[in-house]
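So the chains spell out like this:
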Amino acid sequence: MKVSDILSGSTKAYPSLEIVPPMRGMTKNELLESIAPFMEFSPKYINVTSHRDEYEFKSEADGSFSRHLVRNRISETTVCAAIMERYDVEVIPHIICAGTTKEEIESKLDNLEFLGINNIVALRGDSMASEKRFSPTPGGYAYASELVEGIRKYQGSASYQRKRKSEMTSGERYFCIGVGGYPEKHFESPNIETDIANLKKKVDAGADYIITQMFFDNQAYYDFAEKCRQAGIEVPIIPGLKPISSFRQLTMLPETFSLDIPVDLTKAIEEVKDDKAAIYQVGAEWCAMQCKDLIAHGVPAVHFYTMGKSQNITEILKQCF
């Protein structure tokens, strides 16, 4: 089922989850067992992130250097297929511009269609570790809005085109597309107004809904949603949450995601900084408080960034859903 249909058919807020594809070496069964604790709560869908390939340089005997492709994670499509085999839940792979040509993306879309997956989250993706700023791949998309537009134009693999035309109603589109939004603005944008204008480009290109980056102050989400509506963005805006689980995340999360952590939460964690279990509990309680408040304010769903952890997320799900 498409996320757009789930949203329109839901009478109350529901949870969804996001996982990161495992590093090479983890077995399929290990991955599926790590997801098992979530399934008790019947999440509507599981997002699977996509990570661009990186390169490393190795010295050769003649003194030169050769470039080698490094793939450390299992692909998002493979992970989606594994989840579908075990669990009755929708899966949503992320598709990114970074490191991929238009032709390679179309090939991914063919594979997703073959698996019966018709939900996608379309993102620009990050720059490589060696880059100071994002550089589009030659023959690829430079912006997420271009990627959304490209997915909207997708006609399907040749063997499916006739079947799809006979089964799909006039105007229906195969893929339901989600995009990312940033309540505290994307770190590359000069201001929130410019960032929301860029978000509207993604919606105008055909995005069906928005999932936000994590935030720790709900007012940031409410202000962001209001500004989006004022800018003419009418699609659902799903808040994304992540519980803090370590002292290091007080500095790592703001540095990585360009977000603020409220003073009260910072102080609460600093007070127990030498107690890992206490930090874990403080983070879970804060996130549960956020979730309850968001539901009380009528959000359509709450999306959880699991980062491969289940205990704190399941504690929150027990309290809120």
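Our subject is the structure listed above.
Residues numbered from 1 in each chain as written. Predicted model: local features only at pLDDT ≥ 70, side-chain atom pairs only at ≥ 80, totals over all residues. Heavy atoms only, no water.

**Focus on the environment of Ile96**
Turning to step 1, where the next piece is worked out: With respect to the helices and strands, Ile96 occurs in strand β5 (residues 90–96).
Turning to step 2, where the next piece is worked out: Considered as a pair, Ile96 and Ala144 are 48 residues apart in the sequence and their alpha carbons are 7.7 Å apart. (Helix = DSSP H or I, 4+ residues; strand = E, 2+ residues; numbered from the N terminus.)

**Some details on the side chain of His94**
Turning to step 1, where the next piece is worked out: Mapped onto the secondary structure, His94 falls in strand β5.
Turning to step 2, where the next piece is worked out: By relative accessible area, which is 5% here, His94 ends up buried.
Turning to step 3, where the next piece is worked out: Apart from the residues within four sequence positions on either side, His94 is in contact with Glu18, Asn47, Val48, Thr49, Ser50, Glu76, Val121 and Leu123. (Buried < 20%, exposed > 50% of the residue type's maximum accessible area, 1.4 Å probe, protein only. Contact = heavy atoms within 4.5 Å.)

**Quick word on the environment of Cys320**
Turning to step 1, where the next piece is worked out: Within the element layout of this structure, Cys320 appears in helix α12 (residues 311–320).
Turning to step 2, where the next piece is worked out: On the accessibility criterion, Cys320 (15% relative accessible area) is buried.
Turning to step 3, where the next piece is worked out: Note: C-alpha distance between Cys320 and Gln290 (30 residues apart in sequence) is 10.0 Å.
Turning to step 4, where the next piece is worked out: When near neighbours in sequence (up to four residues on either side) are disregarded, Cys320 contacts Ala288, Cys291, Lys292 and Ile295.

**A look at the pairing of strand β8 (residues 209–214)**
Turning to step 1, where the next piece is worked out: For β8, the buried fraction is high: six of the six residues fall into the buried class.
Turning to step 2, where the next piece is worked out: Pairing between strand β7 (residues 176–181) and β8: four bridges, direction parallel. Looking at β8, one finds that Gly181 is bridged to Thr212.
Turning to step 3, where the next piece is worked out: Taken together, β7, helix α7 (residues 192–205) and β8 constitute a β-α-β crossover, and its handedness is right-handed.
Turning to step 4, where the next piece is worked out: Sheet topology note: the β8/strand β9 (residues 237–241) ladder contains three bridges and is parallel. Bridging from a neighbouring strand, Ile210 pairs with Ile237 of β9.
Turning to step 5, where the next piece is worked out: Handedness of the crossover joining β8 and β9 through helix α8 (residues 218–230) is recorded here as right-handed. (Pairing = 2+ DSSP bridges. Right-handed = clockwise from strand over helix to strand, strands pointing away.)

**Re the pattern of salt bridges**
Turning to step 1, where the next piece is worked out: This model, assessed by the stated rule, comprises seven salt bridges.
Turning to step 2, where the next piece is worked out: Glu85 is the salt-bridge partner of Lys28, the closest N and O atoms lying 3.2 Å from each other. Residue Lys28 is located in helix α2 (residues 28–39), and its partner Glu85 is located in helix α3 (residues 76–86); the two are separated by 57 residues in the primary sequence.
Turning to step 3, where the next piece is worked out: Take Lys28: its relative accessible area is 42%, and that puts it in the partly exposed class. (Salt bridge = Lys/Arg side-chain N within 4 Å of Asp/Glu carboxyl O.)

**A word on the state of the cysteines**
Turning to step 1, where the next piece is worked out: Applying the stated criterion across every chain, the model contains zero disulfides.
Turning to step 2, where the next piece is worked out: Left without a disulfide partner, Cys287 is nearest to the cysteine sulfur of Cys291, which lies 6.7 Å away.
Turning to step 3, where the next piece is worked out: On the basis of relative accessible area, Cys287 is assigned to the buried category, the value being 1%. (Disulfide = S-S within 2.5 Å.)

**Overview of the sheet that holds strand β10 (residues 301–305)**
Turning to step 1, where the next piece is worked out: Strand order around the closed barrel formed by eight strands is β1-β2-β5-β6-β7-β8-β9-β10, with parallel pairing between neighbours. Pairs of neighbouring strands in the sheet enclose a mean axial angle of 30°, with direction left out of account.
Turning to step 2, where the next piece is worked out: Of the strand pairs in this sheet, strand β2 (residues 45–48) and β5 are connected by four bridges, and their pairing is parallel. Looking across to β5, one finds that Asn47 is bridged to Ile92.
Turning to step 3, where the next piece is worked out: Each of β5 and β6 (119–123) is contacted by helix α4 (residues 102–115), which is oriented at about 175° to β5, the strand it contacts most. (Axes fitted to C-alpha atoms, helices over the stretch in contact; angles between N-to-C directions.)

**Section: the side chain of Ser145**
Turning to step 1, where the next piece is worked out: Mapping Ser145 onto the fold places it in helix α5 (residues 144–152).
Turning to step 2, where the next piece is worked out: In contact with Ser145, other than residues within four places in its own chain, are Lys201, Lys202 and Ala205.

**Describing the nonpolar core**
Turning to step 1, where the next piece is worked out: Ranked by internal contacts, the top residues of the largest apolar core, which has 61 residues, are Ile35, Ile83, Phe175 and Phe304.
Turning to step 2, where the next piece is worked out: Non-local contacts of Phe304, meaning those with residues more than four positions away in its chain, are made with Pro15, Ser16, Leu17, Glu18, Leu241, Cys287, Cys291, Ile313, Ile316, Leu317 and Phe321.
Turning to step 3, where the next piece is worked out: Counting 25 residues, the second-largest nonpolar core is a separate cluster that includes Leu7, Ile244, Ile279 and Val282. (Core = buried A, V, L, I, M, F, W, Y, C linked by side-chain atoms within 4.5 Å.)

**Some points on α5**
Turning to step 1, where the next piece is worked out: For α5, the buried fraction is high: seven of the nine residues fall into the buried class.
Turning to step 2, where the next piece is worked out: Next to the buried residues of α5 lie β5, α4, β6, β7 and α7.

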